[in-house]
Amino acid sequence: MESMGKKKPRPRRSFTPEFKAEIVELFRRGDRSVGQVAKDFDLTETAVRLWVGQAEVDAGERDGLTSSEREELAALRRENRRLREDVEVLKRATAFFAKETR
């Protein structure tokens, strides 16, 4: 009885940029709504709306970060995190060797 009404979450899926562009194009043609495109391809409306919005940003039709800017930002954040970790290790090593030489 406990499991009644609870849906099992769907595993996270990833889609190619080409597939996303095709979905956006289907919506932009104007003969289908976001909901209909999502239903036809077993997608969530939220995902389709996000893809359409990102396509508008990439095309310069809307303000925001383009896909390439988002990728660059993510890469810079990863590098920043790695460098902070390296600095932390060096601080600990410096403290360790400072104790050893006293």
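Notes on the structure in this doc start here.

Rules used in this analysis
All residue numbers refer to position in the chain's written sequence, counted from 1. Only residues with pLDDT of at least 70 are given local features in this predicted model, and only at 80 or more are side-chain atom pairs given and counted; all residues enter the totals for whole chains, interfaces and linings. As a rule here, side-chain values cover all heavy atoms of the structure and leave hydrogens and water aside. Helix and strand definitions follow DSSP, with helices as H or I runs of at least four residues and strands as E runs of at least two, each counted in order from the N terminus. Centres within 6.5 Å make a pair out of two Phe, Tyr or Trp rings, where for Trp the six-membered ring is used; the pair is then stacked when the planes are under 30 degrees apart, edge-to-face when over 60, and tilted otherwise. We call a residue buried when its accessible area falls under 20% of the maximum for its residue type, exposed when it is over 50%, and partly exposed in between, using a 1.4 Å probe and counting protein chains only. Between Lys or Arg on one side and Asp or Glu on the other, a salt bridge is scored when a side-chain nitrogen of the former is within 4 Å of a carboxyl oxygen of the latter. To qualify as a nonpolar core, a set must consist of buried Ala, Val, Leu, Ile, Met, Phe, Trp, Tyr and Cys residues joined through side-chain atoms within 4.5 Å. It only takes one pair of heavy atoms within 4.5 Å for two residues to be counted as in contact. To estimate the expected span of a helix, subtract one from its residue number and multiply by 1.5 Å.

**What to know about unusual backbone geometry**
Okay, step 1: Phi at aspartate 42 takes a positive value of approximately 55°, unusual for a residue other than glycine.
Okay, step 2: Locating aspartate 42 in the fold gives a position in the loop between α2 (34–40) and α3 (45–58).

**A look at the packing of aromatic side chains**
Okay, step 1: Under the defined criterion, the tally for this structure stands at five aromatic pairs.
Okay, step 2: Judged by centre distance (5.4 Å) and plane angle (70°), the ring pair of phenylalanine 15 and tryptophan 51 falls under edge-to-face. A residue pair is termed long-range when its members are at least 10 positions apart, and phenylalanine 15 in the segment before α1 (17–28) and tryptophan 51 in helix α3 qualify at 36 residues.
Okay, step 3: We classify tryptophan 51 as buried; its relative accessible area is 12%.
Okay, step 4: Considering the side-chain rings of phenylalanine 19 and tryptophan 51, the 6.2 Å spacing of their centres and the 80° angle between planes classify their relative orientation as edge-to-face. Of the two residues, phenylalanine 19 is situated in helix α1 and tryptophan 51 in helix α3; the sequence distance between them amounts to 32 residues.
Okay, step 5: The partly exposed category is assigned to phenylalanine 19, whose relative accessible area is 23%.

**Some words on the pattern of salt bridges**
Okay, step 1: As enumerated under the stated definition, the model contains seven salt bridges in all.
Okay, step 2: The closest approach of N and O atoms between glutamate 45 and arginine 49, which form a salt bridge, is 3.2 Å. One end of the pair is glutamate 45 and the other is arginine 49, both in helix α3 and four residues apart, which spans about a single turn.
Okay, step 3: Given the relative accessible area of 37%, glutamate 45 is considered partly exposed.

**A few points about the nonpolar core**
Okay, step 1: Core analysis: the largest hydrophobic core is formed by twelve residues, namely Ile23, Val24, Leu26, Val34, Val37, Ala38, Leu43, Ala47, Val48, Trp51, Val52 and Ala55.
Okay, step 2: Put simply, the parts of the chain that give this core at least two residues each are α1, α2 and α3.
Okay, step 3: No other element matches the five residues that α3 contributes to this core.
Okay, step 4: With sequence-adjacent residues up to four places away left out, alanine 38 is seen in contact with Leu43, Thr44, Glu45 and Val48.

**Observations regarding α3**
Okay, step 1: Here α3 contains 14 residues, and its C-alpha end-to-end distance of 20 Å stays within 8% of the 20 Å for a straight helix at 1.5 Å per residue.
Okay, step 2: Listed as buried for α3 are Ala47, Val48, Trp51, Val52, Gly53, Gln54, Ala55 and Val57.
Okay, step 3: Elements that come into contact with the buried residues of α3 comprise α1, α2 and α4 (67–100).

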